[in-house]
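A look at the structure
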Amino acid sequence: MAEAHPARTQQPDGATGVIVFADGRTVWGRGFGSEGQVVGELCFHTAMTGYQEIMTDPSFARQIIAFTFPHIGNVGANEEDVEAGEAHALGCLVREAVTSPSNFRSQMDFPSWMAATGRIGISGVDTRALTRLVRREGPPTIAIAHNAKGQFDLDALRQMAAEWPGLEGMDLAKEVSREQLEVWSGGKWRLGEGYEMRPSTSLGTNEDVASNSQSSFVPSEVEARRPHVVAVDYGSKRNIFRNLVEAGARVTIVPATASFDEIMAHEPDGFFLSNGPGDPAATGEYAVPVIQKMLETEKPLFGICLGHQMLALAVGGRTAKMFQGHRGANHPVKRLADGAVEITSMNHGFAVERQGLPNNVRETHVSLFDGSNCGLELTDRPAFTVQYHPEASPGPQDSFYLFEKFVGMMR
């Protein structure tokens, strides 16, 4: 196993992967997956399972993940456990070498999946040391590289890290959002059956639908009786839509930049604001005016993660970059209405500041790790949001009531 001391610069024998910080600190390991080099923000994730879902979560765009659980890749990879059409995290850092998969659902090994998705992995890394570093210094910019011959230009990698501007001010929702309108109808996963597959339907762009009535989707009589949610895709996870369907809704997904008129053309019964990456203040420049008009309709609105932050901005609140962020599947959140604790999945590097929120905003959930805000609702509109990811089901069913609540509000 390669040496992983964060100050060592001499390349050990057999090192085919390297991590380089902007200040020149260097960590060596063994590369797997795709060869190449990338630069992004280092963060750590405490989940013990779900590495495919994490790597394909659009909220991880421009980030490199250090998994704190040492054994990543044991169960291999498959075509089902993905949250988007492609991987979005740039790469991952793991402690132990990835072993051969052992799981009845495995279709390929994790390194092969990483290579197929163009993502870089480095094993043999002291991920505990990296986690302590992030907790002490905040999330640094790093460049990582994998070369099977062990050939690296450390100065060039250090320069890449030094010149990367960081996530503050970046609007990444436009980069990861789907460009096509889509009618979603697939349901949740069940043992022995897989995901309920009622194929989703692409409607083309908003312009296609507006110019060609044949592009419009006419739901079946059964589907038409379900409340209709129009979901804005800022970097959404597929399981969110599966949970909305499970709770009784039908879902139409629109791009992040969809206008209010384009959204209303679908005759929604309610609005959903998805998760996504980047600085919420940057995305808010075009999203907030649309959300403010949504609120004026007094139709139900539900948001998750970035969608939570978007609602806060739309009512006059503020967001700020967190020192280290929250990323894991074991985060306890207290529900203030009754004191119940939900075990939640989180993935966010920005948070809503409770100071400055207007009087018509009520805080509904708080983190039991650091007391940060994790939920809001409006007292004069049927709108509520949470910072965490109820669709990830770490509880496993602690938070499904949120989807049922939202769909119930539209009936």
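Refer to the preceding data block for the structure.
Reference entry: report on the structure contained in this document. Since the model is a prediction, treat every value here as computed from it, not as a measurement.

**Side note on unusual backbone geometry**
The residue after Gly395, namely Pro396, is reached through a cis peptide bond having omega 10°. By secondary structure assignment, the location of Pro396 is in the loop between strand S20 (383-386) and helix H12 (401-410). A positive phi angle, near 60°, is found at Glu298, a position not held by glycine. The phi torsion at Ser393 lies on the positive side, around 55°, for a residue other than glycine. Here Ser393 shows up in the loop between S20 and H12. We classify Ser393 as partly exposed; its relative accessible area is 22%.

**Points about the sheet that holds strand S3 (residues 36-45)**
An order of S1-S2-S6-S5-S4-S3-S7 is seen for the seven strands of this closed barrel, with the pairing classed as mixed. Sheet twist, expressed as the average angle between the axes of neighbouring strands with direction ignored, equals 35°. Bridge count for strand S1 (residues 17-21) against strand S7 (residues 141-146) is five bridges, and the pairing is antiparallel. By the bridge assignment for S7, Phe21 is matched with Ile142. Across the sheet, helix H3 (residues 127-137) touches S1, S3, strand S4 (63-67) and strand S5 (91-93), and the angle it forms with S3 is around 75°.

**Focus on the packing of helix H10 (residues 280-296) against helix H11 (residues 306-314)**
The geometry of H10 relative to H11 is characterised by a closest axis approach of 8 Å and an angle of 70° between their N-to-C directions. In terms of axis orientation, H10 runs roughly perpendicular to H11. Both H10 and H11 take part in a crossing whose hand is right-handed. Contacts from Pro280, Ala281, Thr283, Gly284, Ala287, Val288, Ile291, Gln292 and Leu295 of H10 reach H11 at Leu306, Gln309, Met310, Leu311, Leu313 and Ala314.

**Considerations on H12**
The set of residues buried in H12 consists of Leu402, Phe403, Phe406, Val407 and Met410. Axial view of H12: buried residues confined to an arc of 130°, hence all on one face. On its buried side, H12 packs onto strand S12 (228-233), helix H8 (238-246), strand S14 (270-273), strand S15 (301-304) and S20.

Cut-off values and rules
Residues numbered from 1 in each chain as written. Predicted model: local features only at pLDDT ≥ 70, side-chain atom pairs only at ≥ 80, totals over all residues. Heavy atoms only, no water. Helix = DSSP H or I, 4+ residues; strand = E, 2+ residues; numbered from the N terminus. Buried < 20%, exposed > 50% of the residue type's maximum accessible area, 1.4 Å probe, protein only. Pairing = 2+ DSSP bridges. Axes fitted to C-alpha atoms, helices over the stretch in contact; angles between N-to-C directions. Contact = heavy atoms within 4.5 Å. Parallel < 35°, antiparallel > 145°, perpendicular 65-115°, else oblique. Left-handed = near helix turned anticlockwise from the far one by under 90°. Arc of directions from axis to C-beta.

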